[in-house]
Amino acid sequence: MAASWVVRRLCSTVAEVAAPAKTTRWERLKSSKAAMWCRGLLTDYKEACREAVVGAWERPIKASVYMGLIGGTCACIYTNPDDTSFKTSLLDRSNQLGLLSPWIRSGTSDGHVQNLVKLCNEGRLRHLSLGVASLTYCADYDPDSSLYEAQCSNLSVPWRELPQRILDVGFAGYWWILDTKMKDYDVNEEEFKHLPVAMASTAPPGVQEVERNESLHKESWLPLKIEEEEEKDKMSPATGNEEAKEESLGEVEQTLSETQHTQAQA
């Protein structure tokens, strides 16, 4: 009986040693190659972040410059205008010029906007995004055109001709060439080209002239005093006449009293 128990005990021990240990799925996942690679990658990133913080603490000026460059680049990417914003700006500028008479429009602004509108209607405007900035240039054909010249890639516009075809540059949310061309769009330069040089060129007013204009403007809002002055002028001759009459009456009374006195003595 004891021998059989010992034999069973030995057999169970050998079976336990020979049988592989059961592991969970999470443990197998942690010991896999992918988990080891991710663990090593996280360790590298952790070490890189620690070194960046230590370097920024030791060299704050250099870190500030780098952070400014990174922040400026992100801001430029975020505010980079697209093709829709260019068409919207072009439509707004065209409406501004449409509210003016042709006689007072600036020839430079009107010609530039009309050229862009014509290219847009013909489908020849192209938009190129550079990440931090955008370019608008003109092409020879509409992309939806079925002409062989428009569809053949060998006949497309070479990149070396791109600088001559650029129409506008978009940066920081603005289209700079369009805004520059629209400066003084309500002033027609042709009306003033025949004037003398002294009259054609203007200079900003000085400090004294500005103060004088401001004082005149403030005085223009004050009530008029013409009625009071007229009343004073009317009253002044009336008072003068009354004083003259009183003096003449006094002289008459004096002469009468003198004559009566002389008659009484006689």
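Before reading on, note that the structure itself is shown above.
An account of the accompanying structure is given in this report. (Residues numbered from 1 in each chain as written. Predicted model: local features only at pLDDT ≥ 70, side-chain atom pairs only at ≥ 80, totals over all residues. Heavy atoms only, no water.)

## Brief notes about the overall build of the chain
Okay, so step 1: Helix and strand content of the chain: twelve helices and four strands.
Okay, so step 2: A total of 266 residues make up the chain; the buried ones form 14% of that total.
Okay, so step 3: Summarising the internal contacts of the chain: among those between residues at least 6 apart in sequence, 64% fall at separations of at least 24.
Okay, so step 4: When the accessible surface of the chain is split by element, carbon and sulfur atoms take 60% of a total near 22,100 Å². (Helix = DSSP H or I, 4+ residues; strand = E, 2+ residues; numbered from the N terminus. Buried < 20%, exposed > 50% of the residue type's maximum accessible area, 1.4 Å probe, protein only. Contact = heavy atoms within 4.5 Å. Areas by Shrake-Rupley, 256 points an atom, 1.4 Å probe, with all protein chains shown as cover.)

## With respect to the side chain of Ser-134
Okay, so step 1: Along the chain, Ser-134 falls in strand S2 (residues 134–138).
Okay, so step 2: Taking the relative accessible area as the measure of exposure, Ser-134 reaches 0% and is therefore buried.
Okay, so step 3: A polar contact of 2.7 Å, which involves the side chain of Ser-134, links it to the side chain of Asn-80.
Okay, so step 4: Within the local environment of Ser-134, its side chain forms a polar contact with the backbone oxygen of Pro-81, the two atoms lying 2.8 Å apart. (Polar contact = N/O pair within 3.5 Å; in protein donor to acceptor, adjacent residues only side chain to side chain.)

## A word on the packing of helix H5 (residues 83–98) against helix H6 (residues 107–121)
Any two packed helices are characterised by how steeply their axes cross, that is the angle between the axes, and by the distance between the axes.
Okay, so step 1: For the pair H5 and H6, the least separation of the axes is 10 Å and the interaxial angle reads 135°. Viewed along their axes, H5 and H6 adopt a mutual orientation that is oblique. The interaxial crossing formed by H5 with H6 has left-handed handedness. Where H5 approaches H6, its residues Phe-86, Lys-87, Leu-90, Arg-93, Ser-94 and Leu-97 are matched on the opposing element by Ser-109, Asp-110, Val-113, Leu-116, Val-117 and Cys-120.
Okay, so step 2: Within the contact of H5 with H6, the residues separate by chemical class into seven nonpolar, two polar and three charged. (Axes fitted to C-alpha atoms, helices over the stretch in contact; angles between N-to-C directions. Parallel < 35°, antiparallel > 145°, perpendicular 65-115°, else oblique. Left-handed = near helix turned anticlockwise from the far one by under 90°. Nonpolar A, V, L, I, M, F, W, Y, C, P; charged D, E, K, R; others polar.)

## What about unusual backbone geometry?
Okay, so step 1: Not every positive phi belongs to a glycine, and Ala-172 is a case in point at roughly 55°.
Okay, so step 2: Even without glycine at this site, Asp-184 takes up a positive phi of about 55°.
Okay, so step 3: Residue Asp-184 is classed as partly exposed on the basis of its relative accessible area, which comes to 48%.

## Digging into the packing of aromatic side chains
Okay, so step 1: Applying the stated criterion to the full structure yields two aromatic pairs.
Okay, so step 2: Summarising the aromatic geometry, the rings of Phe-86 and Trp-175 are spaced 4.9 Å apart at their centres and angled 70° between planes, so their arrangement reads as edge-to-face. Of the two residues, Phe-86 is situated in helix H5 and Trp-175 in strand S4 (residues 174–175); the sequence distance between them amounts to 89 residues.
Okay, so step 3: Judged by its relative accessible area of 0%, Phe-86 falls in the buried class.
Okay, so step 4: Judged by relative accessible area, which is 3%, Trp-175 ranks as buried. (Phe/Tyr/Trp six-rings, centres within 6.5 Å; stacked < 30°, edge-to-face > 60°.)

## Here we look at the nonpolar core
Grouped burial of nonpolar side chains is what soluble globular proteins tend to show.
Okay, so step 1: Formed by Phe-86, Leu-90, Leu-97, Val-113, Leu-116, Leu-119, Leu-125, Cys-138, Leu-167, Trp-175, Leu-178 and Met-182, the largest nonpolar core amounts to twelve residues.
Okay, so step 2: With sequence-adjacent residues up to four places away left out, Leu-90 is seen in contact with Val-113, Leu-116, Val-117, Cys-120 and Leu-178. (Core = buried A, V, L, I, M, F, W, Y, C linked by side-chain atoms within 4.5 Å.)

## Topic: the sheet that holds strand S1 (residues 125–129)
Okay, so step 1: Pairing within the open sheet is antiparallel, and its four strands lie in the order S1-S2-S3-S4. In this open sheet, the two strands that pair with only one neighbour each are S1 and S4.
Okay, so step 2: Relative to strand S3 (residues 166–171), S2 runs antiparallel, the two being bridged by four bridges. Within S3, the position partnered with Tyr-137 by the bridge is Ile-166. (Pairing = 2+ DSSP bridges.)

## Structural notes on a nonpolar patch on the surface
Okay, so step 1: A surface patch of nonpolar side chains, about 670 Å² in accessible area, is lined by Ile-61, Val-65, Tyr-66, Met-67, Leu-69 and Ile-70.
Okay, so step 2: Counting through the fold element by element, Leu-69 comes out in helix H4 (residues 60–78). (Patch = residues over 30% accessible without salt bridge, like charges linked within 9 Å, V, L, I, M, F, W, Y side chains within 5 Å. Salt bridge = Lys/Arg side-chain N within 4 Å of Asp/Glu carboxyl O.)

## Some words on the pattern of salt bridges
Okay, so step 1: Summed over all chains, the structure comprises six salt bridges.
Okay, so step 2: Asp-179 is the partner of Arg-93 in a salt bridge, and the nearest nitrogen-oxygen pair spans 2.8 Å. Here Asp-179 lies in helix H9 (residues 176–181) and Arg-93 lies in helix H5, a separation of 86 residues in the sequence.
Okay, so step 3: Residue Arg-93 is classed as buried on the basis of its relative accessible area, which comes to 18%.
Okay, so step 4: As a salt-bridge pair, Arg-105 and Asp-110 come within 3.9 Å of each other at their nearest N and O atoms.
Okay, so step 5: The exposure class assigned to Arg-105 is buried, which follows from its relative accessible area of 17%.

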